[in-house]
Amino acid sequence: MIREFKINNIGNYIEVITQIDAEQQYRMWFRGQSDYSWGLVPSVQRKDGMGKHYEQYVSTNFMIHTMRLNPTAPQRYDRASWLTLMQHYGLPTRLLDWSESPLVALYFALSSDKDAKTDAAVWVLNPMELNKKVGYGEYVPPISYDSLRGDLEGAFSNQDNDDNESQGKIIACHGVGCDLRMYVQQSDFTIHSTTERLDQILKLDESCDYFYKIRIPRKIRKKLLVQLDAMGFHESSIYPDMEHIAKEQATSHFNF
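Criteria and thresholds
- Residues numbered from 1 in each chain as written.
- Predicted model: local features only at pLDDT ≥ 70, side-chain atom pairs only at ≥ 80, totals over all residues.
- Heavy atoms only, no water.
- Helix = DSSP H or I, 4+ residues; strand = E, 2+ residues; numbered from the N terminus.
- Rg over C-alpha atoms; globule rule 2.2 N^0.38 Å.
- Buried < 20%, exposed > 50% of the residue type's maximum accessible area, 1.4 Å probe, protein only.
- Areas by Shrake-Rupley, 256 points an atom, 1.4 Å probe, with all protein chains shown as cover.
- Lys, Arg positive; Asp, Glu negative; His and termini not counted.
- Charge placed at Lys NZ, Arg CZ, Asp CG, Glu CD.
- Contact = heavy atoms within 4.5 Å.
- Core = buried A, V, L, I, M, F, W, Y, C linked by side-chain atoms within 4.5 Å.
- Phe/Tyr/Trp six-rings, centres within 6.5 Å; stacked < 30°, edge-to-face > 60°.
- Axes fitted to C-alpha atoms, helices over the stretch in contact; angles between N-to-C directions.
- Parallel < 35°, antiparallel > 145°, perpendicular 65-115°, else oblique.
- Left-handed = near helix turned anticlockwise from the far one by under 90°.
- Nonpolar A, V, L, I, M, F, W, Y, C, P; charged D, E, K, R; others polar.
- 1 Å grid on protein atoms, 1.4 Å probe; cavity = no way out; pocket = protein on both sides within 12 Å on 5 of 7 lines; lining within 4 Å.
- Points joined across faces, edges and corners; volume = space filled by probe spheres on them.
- Polar contact = N/O pair within 3.5 Å; in protein donor to acceptor, adjacent residues only side chain to side chain.

J.: Which parts of the structure should I look at to understand the overall build of the chain?
T.: Summing up its helical and strand segments, the chain has 11 helices and 7 strands in all. Taking 18 Å as the expected radius of gyration for a compact globule of 256 residues, we find that the chain reaches 19 Å, a close match to that expectation. Seen through its C-alpha atoms, the chain measures out along the principal axes to roughly 60 × 50 × 35 Å. Counting only residues that meet the buried cut, the chain has 49% of its 256 residues in that class. Entry remark: accessible area of the chain is about 14000 Å², with carbon and sulfur atoms responsible for 50%. Taking the average place of the 28 positive charges on the side chains of the chain and the average place of its 34 negative ones, the gap between the two points comes to 6 Å.

What follows is the structure in structure tokens.
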């Protein structure tokens, strides 16, 4: 079951987050989406008509070309590092991004389409309760754990073997690696080795009390984005690299 809230301003948003936090016993995860009607679907599953083995094809080819180009690329069977790298560079993967920061998630909900004509949404999830529900265990592992190997391997191979026995679940895991962007965005993932939508699964579960959706009305989107900027949440702080610093400065307006 999805518990829903609607906010009127950023103070109201913080109040809702505080209320949710008080109800749960684990650090919550947040995901911002520009359109309230969108479900929780990883990018590789949004591709229609691409063939049954599209995911394995693009993942394998990304590995081949990257290993030719970059001598410091991950080891061939380090599936966790490869999938994280693919997600970082925008390749469609079975990973869905989450953040441990409600303000980072709000920024993503508002910034991806600044002229959107729809309400936006921030999803809120207790990752430990999700993993408990799907039978993984009452903890949230790093993506590099051996227990997740089967769920990751399916992105590269469609062979039936022991490593793939755990597929068919949606599991929450922590991101790992020395990546500044992941650090400032407080990034985590859900791994989707099934085509079932997470929001649909939990929407039908009457016993679910750890899943929320916050509606951000379109009429306050731009105002909230300005307020987030004043609080230090803007392009170059979310994407801390020279490309985004330059882009932000080039579009800034100054009164000297």
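J.: What am I meant to see in the environment of tyrosine 57 here?
T.: Mapped onto the elements of the fold, tyrosine 57 is located in helix α2 (residues 54–69). According to the relative accessible area criterion, tyrosine 57 is exposed, its value standing at 57%. Here the alpha-carbon distance between tyrosine 57 and alanine 155, two residues 98 residues apart in the chain, equals 8.9 Å.

J.: When you look at the environment of tyrosine 136 in this model, what are you seeing that I'm missing?
T.: Looking at the secondary structure, you find tyrosine 136 in the loop between α5 (127–133) and α6 (149–153). On the basis of relative accessibility, which here comes to 15%, the residue tyrosine 136 falls in the buried class. When residues no more than four places from it in sequence are discounted, the contact partners of tyrosine 136 are Asn131, Pro141, Ser147, Leu148 and Ile171.

J.: Quick question: what am I supposed to make of the nonpolar core here?
T.: Note that soluble globular proteins tend to have their nonpolar side chains buried in a common cluster. In terms of nonpolar packing, the biggest core is built from 28 residues, with Val122, Ile214 and Ile216 touching the most fellow members. Elements with a contribution of two residues or more to this core: α1 (10–23), α4 (102–111), β4 (120–125), β7 (211–216) and α9 (221–230). Broken down by element, the residue count for this core peaks at 7 residues, all from α4. Every residue in contact with valine 122, bar those within four places of it in the chain, is listed here: Tyr13, Phe30, Arg31, Gly32, Ala105, Leu106, Ala109, Tyr212, Lys213, Ile214 and Ile216. Grouped together as the second largest cluster of nonpolar side chains are 23 residues, Phe62, Leu152, Ile171 and Met182 included.

J.: Whenever I open this one, the packing of aromatic side chains confuses me. Can you help?
T.: Aromatic ring pairs are reported here in terms of the distance separating the ring centres and the angle at which the planes meet. Taken as a whole and judged by the stated rule, the model has 6 aromatic pairs. Measuring from ring centre to ring centre gives 6.2 Å for phenylalanine 62 and tryptophan 82, while their planes differ by 90°; the resulting arrangement is edge-to-face. Of this pair, phenylalanine 62 sits in helix α2 while tryptophan 82 sits in helix α3 (residues 79–88), and the two are 20 residues apart along the sequence. Judged on exposure class, the residue phenylalanine 62 and its partner tryptophan 82 are both buried. Between tyrosine 107 and phenylalanine 108, the ring centres sit 6.0 Å apart and the planes meet at 65°, which makes this aromatic pair edge-to-face. Within the aromatic cluster, the residues linked to one another by ring pairs are Tyr107, Phe108 and Tyr239.

J.: Explain the packing of α4 against α9 to me, please; I cannot follow it from the model alone.
T.: A packed helix pair is summarised by two numbers, namely the angle formed by the two axes and the spacing between the axes. Direction vectors running N to C along α4 and α9 enclose 135°, while the axes themselves pass 10 Å from each other. With respect to each other, α4 and α9 are oriented oblique. Considering only the axes of α4 and α9, their crossing is left-handed. Together, Leu103, Leu106, Tyr107, Ala109, Leu110 and Ser111 of α4 and Arg221, Leu224, Leu225 and Leu228 of α9 make up the contact between the two elements. The class makeup of the residues in the contact of α4 with α9 is 8 nonpolar, 1 polar and 1 charged.

J.: What exactly am I supposed to notice about the layout of surface pockets here?
T.: Where empty space is left becomes clear once a probe the size of a water molecule has been rolled over the atoms. The computed volume of the largest pocket comes to approximately 970 Å³. Taken together, 37 residues line the largest pocket, and the ones lying closest to its centre are Arg31, Gln87, Asp97, Phe108 and Tyr239. When contributions to the lining of the largest pocket are tallied by element, the ones reaching two or more residues are β2 (29–33), α3, β3 (95–99), α4, α7 (180–185) and β6 (187–192).

J.: Explain unusual backbone geometry to me, please; I cannot follow it from the model alone.
T.: If a residue is not glycine, its phi is most likely negative; likewise, a peptide bond is most likely trans. Positive phi, close to 50°, is recorded for glutamine 186, a residue that is not glycine. Positionally, glutamine 186 belongs in the loop between α7 and β6.

J.: Which parts of the structure should I look at to understand the side chain of arginine 79?
T.: Among the secondary structure elements, arginine 79 is positioned in helix α3. Side-chain polar atoms of arginine 79 contact the side chain of glutamate 153, separated by 2.9 Å. Setting aside anything within four residues of it in sequence, one finds arginine 79 in contact with Met63, Leu152, Glu153 and Phe156.

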